[in-house]
Amino acid sequence: MNKLQADNVSSKNTAKLWRMTEPEKNLPDYNAPDEDSIHFVVPEDCAGLRLDQTLARLMPEYSRSRLQEWILQQRVLLDDAAAIPRQKVWGGEKLAVLPQTQPSDQPYLPEDIALDIVHEDDEILVINKPVGLVVHPGSGNWQGTLLNALLHHAKQLEDVPRAGIVHRLDKDTSGLLVVAKTLVSQTHLVRQLQERSVKREYLALVYGELRSSGTVDAPIGRHPTNRIKMAVTETGKPAVTHYKVEKAYPGCTLVRCVLETGRTHQIRVHMSHLKHPLVGDAVYLKGPQKCAPQLRELLSGFPRQALHATRLALDHPASGVRMEWHAPLPEDMRQLLVQIERVLDEAE
């Protein structure tokens, strides 16, 4: 459909099309406001404004896009009739709005999810996060997260922002993560992260044969065209990753990465920037990678990015004592290395 045609589609037809294509989201027909509706009389100073603009003034706590969606869903009545998005108001009309609760509007609920606790005291909690566990609720993952598990494990975390979470690991990255159990400890840990005194080391299996250790000092920001990805970009935030070769194989290398900064997807982006993307990384791998023929099927079949947070060191928020924890490779990465060794031995 070209722009001229799109401009000729009325708001009423748009609403009708939405109801046809999204039937599971439709409301039953109602001719009178629900008892849970919010009622307004359109102020005179809104005369000549579109309905969605008027609602944005009357309900500033909600985004314009959310209000427009409610109009399309027939959750807004104007003088007891279903409203359409772009119609104008002139002052004095009766408005009834039936808000639709979003998952993000709900309080997070405690859930009985098993945690691998490496350390716990009155101030902090150190978790060895498994693969597949989302750290914080978000789009598509409003339940079953580490935050939900923490609220069940320690009730006092209800009073700490983000249930004490101060840094994150990707869903499919395993390893060590610290949680603050008090607001004071959370503030202290955040300050340590800002000052870069928290040390985090990761083990990653990357494609290609790295011959020496090195440092990637390249800013990271949102990818300019793919919004689910990050990228090295001039307008990004400073990001520094040090890496050291642990063991080289034909076509892949086990590296130890030490973070100075904590940008989203930092190791995955930086190693991809070096043309050594992580094995199993569905987001940053670009087509088939060069590797030993006997390893190609094994590496391409690994189901997640081969990345594990193996070491965490920080100053205890209360005592100031330097503390350190280590988490061995999870079973899937350990088995991958065992299989690589076996395949290479059989090929000799």
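Residues numbered from 1 in each chain as written. Predicted model: local features only at pLDDT ≥ 70, side-chain atom pairs only at ≥ 80, totals over all residues. Heavy atoms only, no water.

Participant: Would you mind showing me how to read the overall build of the protein chain here?
Facilitator: The helix and strand inventory of the protein chain stands at nine helices and 15 strands. Buried residues in the protein chain amount to 42% of all 348 residues. Long-range pairs, those at least 24 residues apart, make up 65% of the contacts in the protein chain between residues at least 6 apart in sequence. For the protein chain, the accessible surface area stands at approximately 18,500 Å², while carbon and sulfur atoms represent 50% of it. (Helix = DSSP H or I, 4+ residues; strand = E, 2+ residues; numbered from the N terminus. Buried < 20%, exposed > 50% of the residue type's maximum accessible area, 1.4 Å probe, protein only. Contact = heavy atoms within 4.5 Å. Areas by Shrake-Rupley, 256 points an atom, 1.4 Å probe, with all protein chains shown as cover.)

Participant: How should I be thinking about the confidence of the model for the protein chain in this particular structure?
Facilitator: The predicted coordinates ought not to be read in detail in places where the model reports low pLDDT. Summary statistics for the protein chain give a mean pLDDT of 86 and a share of 87% for residues scoring 70 or more. Scored below 50 in pLDDT, residues 1–33 makes 30 contacts in the model with residues more than four places away or belonging to other chains. (pLDDT = per-residue confidence, 0-100.)

Participant: What is the right way to look at the packing of helix H8 (residues 293–300) against helix H9 (residues 331–347) in this model?
Facilitator: The relative placement of two packed helices comes down to the angle between their axes together with the axis-to-axis distance. Taken N-terminus to C-terminus, the directions of H8 and H9 make an angle of 160°; their axes are 10 Å apart at the nearest point. With respect to each other, H8 and H9 are oriented roughly antiparallel. Viewed along their axes, H8 and H9 form a crossing whose handedness is right-handed. Every residue of H9 that contacts H8 at Gln 294, Leu 295, Leu 298 and Leu 299 is listed here: Leu 336, Gln 339, Ile 340, Val 343, Leu 344 and Ala 347. Tallied by class, the residues present in the contact of H8 with H9 amount to eight nonpolar, two polar and no charged. (Axes fitted to C-alpha atoms, helices over the stretch in contact; angles between N-to-C directions. Parallel < 35°, antiparallel > 145°, perpendicular 65-115°, else oblique. Left-handed = near helix turned anticlockwise from the far one by under 90°. Nonpolar A, V, L, I, M, F, W, Y, C, P; charged D, E, K, R; others polar.)

Participant: Sorry, what's going on with the nonpolar core here?
Facilitator: Generally speaking, nonpolar side chains in soluble globular proteins are found buried as a group. Leu 150, Tyr 202, Ile 267 and Met 271 are the most contacted members of the largest nonpolar core, which has 31 residues in total. Breaking this core down by element, the ones donating at least two residues are strand E6 (124–129), helix H5 (146–153), strand E7 (174–180), strand E8 (199–207), strand E13 (252–259), helix H7 (266–273) and strand E14 (307–315). Every residue in contact with Ile 267, bar those within four places of it in the chain, is listed here: Tyr 202, Thr 241, Cys 257, Leu 259, Leu 278 and Leu 307. Core analysis: the second largest hydrophobic core is formed by 17 residues, Tyr 207, Val 279, Cys 291 and Ala 292 among them. (Core = buried A, V, L, I, M, F, W, Y, C linked by side-chain atoms within 4.5 Å.)

Participant: Would you take a moment to explain the environment of Gln 143 for this structure?
Facilitator: Secondary-structure assignment places Gln 143 in the loop between E6 and H5. Residues Gln 143 and Glu 111, 32 residues apart in the sequence, show an inter-C-alpha distance of 8.2 Å. In this structure, Gln 143 is in contact with Glu 111 and Asn 148, ignoring residues within four places of it in sequence.

Participant: How should I be thinking about the packing of helix H3 (residues 51–58) against helix H4 (residues 64–72) in this particular structure?
Facilitator: Running from N to C, H3 and H4 cross one another at 125°; their axes reach a closest spacing of 9 Å. Classified by the angle between their axes, H3 and H4 sit oblique to one another. Seen along the crossing, H3 lies across H4 with a hand that is right-handed. Residue-level contacts link Leu 51, Asp 52, Gln 53, Leu 55 and Ala 56 of H3 to Arg 64, Leu 67, Gln 68 and Ile 71 of H4. For the contact of H3 with H4, a count of residues per class yields five nonpolar, two polar and two charged.

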